[in-house]
Amino acid sequence: MKYFVKFIVITFFLLFSTYALSEDKIVFIDMKYVLNNSKAGKSGQDFLKKKLAKSQKEFADTEKKLKKEEGDLLAKKTVLSKEEFSAKSDSLRKKVVEYQNKRKNSFESIAKLRAKARQTLLGKLNPILEKYVEENNISAVLDKKYIIVGTTNNDITTLITEKLNKELPSLKLK
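Counting from 1, residues in each chain are numbered in the order their sequence is written. In keeping with the model being predicted, local features are shown solely for residues with a pLDDT of at least 70 and side-chain atom pairs are shown and tallied solely at 80 or more, while totals for entire chains, interfaces and linings include all residues. Computation of side-chain values covers all heavy atoms of the structure but excludes hydrogens and water.

Caption draft 1: Broad picture of the pattern of salt bridges. Any Lys or Arg side-chain nitrogen found within 4 Å of a carboxyl oxygen on Asp or Glu counts as a salt bridge. As enumerated under the stated definition, the model contains 7 salt bridges in all. For Lys57, the salt bridge is made with Asp61, and the minimal N-O distance between the two is 3.6 Å. Placement of both Lys57 and Asp61 in helix α3 (residues 39-75) is noted, with a separation of 4 residues, approximately one turn of the helix. Summary of the burial criterion: residues with accessible area below 20% of their type's maximum are buried, those above 50% are exposed, and those between are partly exposed, where the area comes from a 1.4 Å probe applied to protein chains only. Residue classification places Lys57 among the exposed residues on the basis of a relative accessible area of 55%. On the basis of relative accessible area, Asp61 is assigned to the partly exposed category, the value being 34%. We note a salt bridge from Arg93 to Asp90, for which the minimum N-O separation is 2.9 Å. Taken together, the residues Arg93 and Asp90, both in helix α4 (residues 82-135) and 3 residues apart, mark about one turn of the helix. Where helices and strands are cited, they refer to DSSP runs of H or I of at least four residues and of E of at least two residues respectively, numbered from the N terminus.

Caption draft 2: Focus on the nonpolar core. We define a nonpolar core as any set of buried Ala, Val, Leu, Ile, Met, Phe, Trp, Tyr and Cys residues linked to one another through side-chain atoms lying within 4.5 Å. Counting residues in hydrophobic clusters, the biggest one holds 23 residues, and the most contacted among them are Ile29, Leu121, Leu125, Ile156, Ile160, Leu164 and Leu171. When residues of this core are assigned to their parent elements, the largest contribution, 9 residues, is made by α4. Excluding residues within four positions of it along the chain, Leu164 makes contact with Val34, Ser38, Leu121, Lys124, Leu125 and Ile128. In this description, contact between two residues means that some pair of their heavy atoms is separated by no more than 4.5 Å.

Taken by themselves, the reported measurements are silent on function.
In structure tokens form, the structure reads like this:
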């Protein structure tokens, strides 16, 4: 009987001590959607797309000119002396190297602008998320891409996007 009482008491404590009150609220947000569909995100993307298209057009024109110049030089190869041909081909090579450097620098500057825009958006988004978490007693906010299944009640994407639109209506990129 003594062992039976101990067994009951231990079983009772084990059963009720492992019961946890799980009132942690976990929500998720689609960060890609927020960054791409907020007003500031859209304006930044439009600016970067226009800048990229403009630079690509300029580089395509330059590339056509260089190819034409190369074709003309090859056509005159038999007419020109060896020294003239060598000098003109060296000049063309320098132009090509200069073109490649300009193109590389242009794409790097666009990439830097994109990174800067993303940092600006994230810099404004983090305080909004922190404030929302504090006000609504949320324990964790997860990115939607890491969620397999969840109820739409736990999705705060549109709410946060609206708050971000009020906080940061546009990005100023140069």
